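So the chains spell out like this:
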Amino acid sequence: MEYILLFVSASVVNNFVLSRFLGICPFIGVSKKLDTSIGMSYAVIFVMGVAGIITWIVQYLVLNPFKLGYLQTIIFILVIASLVQFVEMVIEKTSPSLYNNLGIFLPLITTNCAVLGVAILNISLGYGFAKMLIFTIGSAVGWSVAIIIFSGIRERIELSDIPFYFRGLPITLITAGILSLAFMGFSGLVK
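Every residue gets a number counted from 1 within its own chain, in the order that chain's sequence is written. Reporting in this predicted model follows two pLDDT cut-offs: at least 70 for local features of residues, and 80 or more for side-chain atom pairs to be given and counted; totals over whole chains, interfaces and linings ignore these cut-offs and use all residues. Remark: hydrogens and water are excluded; side-chain values derive from all non-hydrogen atoms of the structure.

Peer 1: Honestly, the overall build of the protein in this entry has me stumped. Any pointers?
Peer 2: Assigned secondary structure in the protein consists of eight helices and zero strands. Its helices and strands taken in sequence order, the protein reads α-α-α-α-α-α-α-α from the N to the C terminus. In this description the radius of gyration comes from C-alpha coordinates, and the expected globular size is given by 2.2 Å times residues to the power 0.38. For 191 residues, the compact-globule estimate of 2.2 N^0.38 gives 16 Å, and the protein sits close to it at 17 Å. For the C-alpha atoms alone, the extent of the protein along its principal axes is close to 60 × 45 × 25 Å. Contacts between residues were defined by any pair of non-hydrogen atoms, one from each residue, lying within 4.5 Å. The long-range share in the protein, meaning contacts at least 24 apart out of those at least 6 apart in sequence, stands at 78%. Each helix is a run of H or I in the DSSP string that is no shorter than four residues. Each strand is a run of E no shorter than two, and both are numbered from the N terminus.

So this is what it looks like as structure tokens:
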């Protein structure tokens, strides 16, 4: 039951993009089309999951034993950047259209603070390997659910008659705020 609550907390209650406001850049930039959002979700789930595992292992097998904790952020960013390069090469070879649609936002996963935030939170919260894995997957799934819901809403908005001054970025930010408020309604569900 503890693991289920941790997963629900990471994915819905403390959603990284809608409650913690981490990972906003790709969230806003890639969410214009549902197909692109789904592709970015797969990439973020993979990078966040593998980065969580590798950074946890590096922290407890290298940084802590050799008292190199001050290098944590630098090492974590290097791990994330390497994974993103790998994902970028795989997507370019397997799905050139998705690669073109993601554009600049694919390399921006490296600076997606949600990925780095998960890695650092795993360590600062003192999670063991199993809890780290559940928290990381839950956070990645939560980010993906948020961007997929948001892209569906944005596609629907494109078909609507929006007043002139609200078209484009204003309605996008208003919609993101309303979606964030909706997710904040889950705040008392799990502590």
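Peer 1: It is not clear to me how helix α6 (residues 113-124) should be interpreted in this structure. Could you clarify?
Peer 2: Three or four residues apart is the spacing at which side chains of an α-helix point the same way, because the helix has 3.6 residues per turn. Between the first and last C-alpha of α6 there are 16 Å, a value that for 12 residues agrees with the 16 Å anticipated at 1.5 Å per step. Working definition: with a 1.4 Å probe on protein chains only, accessible area under 20% of the residue-type maximum means buried, over 50% means exposed, and in between means partly exposed. Here α6 lies mainly inside the structure; nine of its 12 residues are buried. Every buried residue of α6 is accounted for by Ala-114, Val-115, Leu-116, Gly-117, Val-118, Ala-119, Leu-121, Asn-122 and Ile-123. Buried residues belonging to α6 abut α3 (34-63), α4 (72-94) and α7 (129-158). Within 3.5 Å is the distance limit for a polar contact, defined as a pair of N or O atoms, with the added protein rule that one can donate a hydrogen and the other accept it, and that residues adjacent in sequence qualify only through two side-chain atoms. Two to three positions downstream of the cap, the backbone nitrogen of Ala-114 sits 3.0 Å from a side-chain oxygen, assigning the N-cap of α6 to Asn-112. Looking one or two residues past α6, Gly-126 carries a phi angle of roughly 70°, positive in sign. A helix's residues, less one, multiplied by 1.5 Å, set its expected span.

Peer 1: Help me understand the layout of surface pockets, please; the structure alone is not making it clear to me.
Peer 2: Over the atoms, a rolling probe the size of a water molecule traces out where space has been left empty. Each pocket or cavity is described by its volume, and for the largest pocket that value is around 190 Å³. The way it works is a 1 Å grid over only the protein atoms, where trapped points that fit a 1.4 Å probe form a cavity and open points with protein on both sides within 12 Å along at least five of seven lines form a pocket, and then any residue with an atom within 4 Å of a point lines it. Taken together, Lys-32, Arg-154, Ile-157, Glu-158, Ser-160, Ile-162, Arg-167, Gly-168, Ile-171 and Thr-172 make up the lining of the largest pocket. Within the residue set of the lining of the largest pocket, elements represented by two or more residues are α7 and α8 (169-184). The element contributing the most residues to the lining of the largest pocket is α7, with three residues. Grid points are joined across faces, edges and corners, and a volume is the space filled by probe spheres set on the points.

Peer 1: Mind showing me how you'd approach the pattern of salt bridges here?
Peer 2: Side-chain pairs of opposite charge can arise whenever the charged atoms involved come near each other. Take a side-chain nitrogen of Lys or Arg and a carboxyl oxygen of Asp or Glu: if they are within 4 Å of each other, that pair is a salt bridge. Evaluation of the coordinates by the stated rule reveals two salt bridges. The salt bridge involving Glu-2 is made with Lys-131; its shortest N-O contact spans 2.4 Å. Of this pair, Glu-2 sits in helix α1 (residues 2-13) while Lys-131 sits in helix α7; the two residues are 129 residues apart in sequence, bridging distant segments of the chain. Given a relative accessible area of 48%, Glu-2 falls into the partly exposed group.

Peer 1: What am I meant to see in the nonpolar core here?
Peer 2: Nonpolar side chains tend toward joint burial in soluble globular proteins. Among the nonpolar cores identified, the biggest contains 46 residues, and Phe-27, Val-47, Ile-109 and Phe-135 are the most heavily contacted of them. Listed by contribution, the elements that provide at least two residues to this core are α1, α2 (24-30), α3, α4, α5 (96-102), α6, α7 and α8. Element by element, the count of residues in this core is highest for α3, at nine residues. In these notes, a set of buried Ala, Val, Leu, Ile, Met, Phe, Trp, Tyr and Cys residues joined through side-chain atoms within 4.5 Å is what counts as a nonpolar core.

Peer 1: Sorry if this is basic, but what is going on with unusual backbone geometry here?
Peer 2: Excluding glycine, most residues fall at negative phi; most peptide bonds, likewise, are trans. One non-glycine residue, Phe-21, lies in the positive phi region at around 55°. On the secondary structure map, Phe-21 appears in the loop between α1 and α2.

Peer 1: It is not clear to me how the environment of Val-90 should be interpreted in this structure. Could you clarify?
Peer 2: Positionally, Val-90 belongs in helix α4. Sequence separation of Val-90 and Phe-164 is 74 residues, and the distance between their C-alpha atoms is 41 Å.

Peer 1: Is there a simple way to explain a nonpolar patch on the surface in this structure?
Peer 2: To count toward a patch, a residue needs a relative accessible area above 30% and no salt bridge. Like charges then connect within 9 Å, nonpolar side chains (Val, Leu, Ile, Met, Phe, Trp, Tyr) within 5 Å. Only the protein chains shown count as cover for residues, and the accessible areas themselves come from Shrake-Rupley with a 1.4 Å probe. A grouping of Ile-57, Leu-61, Val-62, Phe-66 and Phe-129 is seen on the molecular surface, where their side chains present a nonpolar patch of about 480 Å² in accessible area. Counting residues per element, the nonpolar patch draws most heavily on α3, at three residues. Classification of Ile-57 by relative accessible area gives partly exposed; the value is 34%.

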